[in-house]
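Topology and contacts: notes
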Amino acid sequence: MNKGNNIGIFDSGVGGLSIWKEIHQLMPYENTIYLADSLNAPYGNKSIDEIISLSIKNTETLLKMGSKLIVVACNTATTNAISTLREKFNIPIIGIEPAIKPAALNTQSKSIGVLATKGTLSSQLFSSTSKEFTEGIQLIEVIGEGLVRLIEEGKLNSPEMNTLLKKYVDILLNENIDYLVLGCTHYPFLIPQLKKIIPPYIKIIDSGVAIAKQTYALIEKNKQLNTSNKNPSFQFYNNKNTETMAMLLEASKEKIEINYLSF
Ligand code: DGL
């Protein structure tokens, strides 16, 4: 059993902070280390080989920092690299995939939308999981081209963002969807903007809470759960700049450390 003392989380950038928030809420006593590979974001348009080698680099960095479990807080990295990571590293690794199953089980209109990166939507893992759950259901796939870049730049409320969102939402509305699956961990930060342009009967779902619960279950099963750590540490590292990260973590009440790190 790995003797590390923190949960290591990585993403191509700041998106996985949406996952960190859920993990921290469920497991407040766990030490966490978050790596944002913003220098290499977005991953969504990269080749499978590039995504795999970046994911290996991030995992190795977290292991050196003493992680007991790795959360791949990136749909693109999970759907393209998780099997390689699990073969290569002898440590529990949790990944995130678009929440197609709950949307497919609950849709009334029999039409659901998924907004994700090109890398996720074109992956074999996404294709096989989505086929498994969408028999008799129309699945509208939209690539959120440009969204990750704008979020990384902190332009969540910009005219460029609104134009892009409107374009993608229009495609989905034309198809009578009643569920919108956010298949990229950056996108939950856009929920307030999305709610302004989609009708309220469309439910927006993402995988954050499910991943946090899965992480909890695995740590508990491995008897590694911290239940009384009086002084947990929350470290955040970015290899490009720390501004957007600081902005997205602003509301956090915890004593967090945000630093630049080359990795
Ligand atoms: N947060 C990543 C995901 O969930 C964004 C991918 C990217 O960098 O394009 O897919």
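Here the structure is a predicted model, which is why all the values come from computation and not from measurement. (Residues numbered from 1 in each chain as written. Predicted model: local features only at pLDDT ≥ 70, side-chain atom pairs only at ≥ 80, totals over all residues. Heavy atoms only, no water.)

**Looking at the pattern of salt bridges**
Across all of its chains, the model carries 5 salt bridges by this definition. Note that Lys57 and Asp37 form a salt bridge whose closest N and O atoms lie 3.2 Å from each other. Of this pair, Lys57 sits in helix H2 (residues 48-64) while Asp37 sits in the loop between strand E2 (31-36) and H2, and the two are 20 residues apart along the sequence. Between Lys166 and Asp170 there is a salt bridge; the shortest N-O distance is 3.2 Å. On the criterion of helical spacing, the pair formed by Lys166 and Asp170 is a turn pair, its members being 4 residues apart in helix H8 (residues 159-173). What you see here is one network of salt bridges that share partners, running through Arg149, Glu153 and Lys155. (Salt bridge = Lys/Arg side-chain N within 4 Å of Asp/Glu carboxyl O. Helix = DSSP H or I, 4+ residues; strand = E, 2+ residues; numbered from the N terminus.)

**Side note on the sheet that holds strand E6 (residues 138-143)**
Note: strands within a sheet are paired through backbone hydrogen bonds, in either parallel or antiparallel orientation. Across the sheet, 4 strands lie side by side as E6-E5-E7-E8; this open sheet has parallel pairing. Either end of the sheet is taken by a strand with one partner, and the two such strands are E6 and strand E8 (203-205). On average, adjacent strands in this sheet sit at an angle of 20 degrees to one another, irrespective of strand direction. As paired strands, strand E7 (residues 179-182) and E8 are joined by 3 bridges and run parallel to one another. Note that in E8 the partner of Leu180 across the bridge is Ile204. Running at roughly 165 degrees to E6, H8 makes contact with strand E5 (111-116), E6 and E7 of the sheet. (Pairing = 2+ DSSP bridges. Axes fitted to C-alpha atoms, helices over the stretch in contact; angles between N-to-C directions. Contact = heavy atoms within 4.5 Å.)

**Things to note about the site of the ligand**
Taken together, 13 residues form the shell around the ligand, and within it Ser12, Tyr43, Gly44, Thr76 and Thr185 come nearest. Between a nitrogen atom of the ligand and a side-chain N or O atom of Asp11, the distance comes to 2.9 Å. In this structure, Thr76 approaches the ligand through a side-chain N or O atom, which is 2.6 Å from an oxygen atom. Against a free-state accessible area of 290 Å², the protein chains account for coverage of 99% of the ligand. Split by residue class, the shell around the ligand holds 5 nonpolar, 7 polar and 1 charged. (Near = heavy atom within 4 Å. Polar contact = N/O pair within 3.5 Å; in protein donor to acceptor, adjacent residues only side chain to side chain. Areas by Shrake-Rupley, 256 points an atom, 1.4 Å probe, with all protein chains shown as cover. Nonpolar A, V, L, I, M, F, W, Y, C, P; charged D, E, K, R; others polar.)

**Here's the deal with the sheet that holds strand E4 (residues 93-95)**
Reading across from one edge, E4-E3-E1-E2-E9-E10 is the order of the 6 strands in this open sheet, with parallel pairing throughout. Taken across any chain shown, the strands that pair with only one partner, and hence form the sheet edges, are E4 and strand E10 (256-260). Across the sheet, the axes of successive neighbouring strands diverge by a mean angle of 20 degrees, strand direction being ignored. Where strand E1 (residues 6-11) lies against E2, 6 bridges are found, and the strand directions are parallel. Residue pairing across strands places Asn6 opposite Asn31, the latter belonging to E2. Against the sheet, H2 makes contact with E1, E2 and strand E3 (67-72), and its axis sits at roughly 155 degrees relative to E1, the strand it touches most. Contacts from helix H10 (residues 208-221) reach E1, E3 and E4 within the one sheet, and its direction differs from that of E3 by about 155 degrees.

**Thoughts on unusual backbone geometry**
A cis amide bond links Ala41 with the next residue in sequence, Pro42, at an omega value of -5 degrees. Tracing the backbone shows Pro42 in the loop between E2 and H2. Look at Asn176: it is not a glycine, yet its phi comes out positive at around 60 degrees. Counting through the fold element by element, Asn176 comes out in the loop between H8 and E7. A positive phi is found at Lys223, a non-glycine position, where the angle reads about 55 degrees. The residue Lys223 is located in the loop between H10 and strand E9 (234-238) in this model.

**Considerations on the packing of aromatic side chains**
Counted according to the given criterion, the structure contains 3 aromatic pairs. Ring geometry for Trp20 versus Phe234: centroids 6.0 Å apart, planes at 75 degrees, classification edge-to-face. Within this pair, whereas Trp20 is found in helix H1 (residues 17-26), its partner Phe234 is found in strand E9, the two being separated by 214 residues in sequence. Phe234 matches Trp20 in its accessibility class, with the two residues each being buried. Ring geometry for Tyr34 versus Phe236: centroids 6.0 Å apart, planes at 40 degrees, classification tilted. Of this pair, Tyr34 sits in strand E2 while Phe236 is found in strand E9, placing the two residues 202 residues apart along the sequence. Of the two residues, Tyr34 and Phe236, both sit in the buried class. Taken together, the ring pairs in this structure connect Trp20, Tyr34, Phe234 and Phe236 into an aromatic cluster. (Phe/Tyr/Trp six-rings, centres within 6.5 Å; stacked < 30°, edge-to-face > 60°. Buried < 20%, exposed > 50% of the residue type's maximum accessible area, 1.4 Å probe, protein only.)

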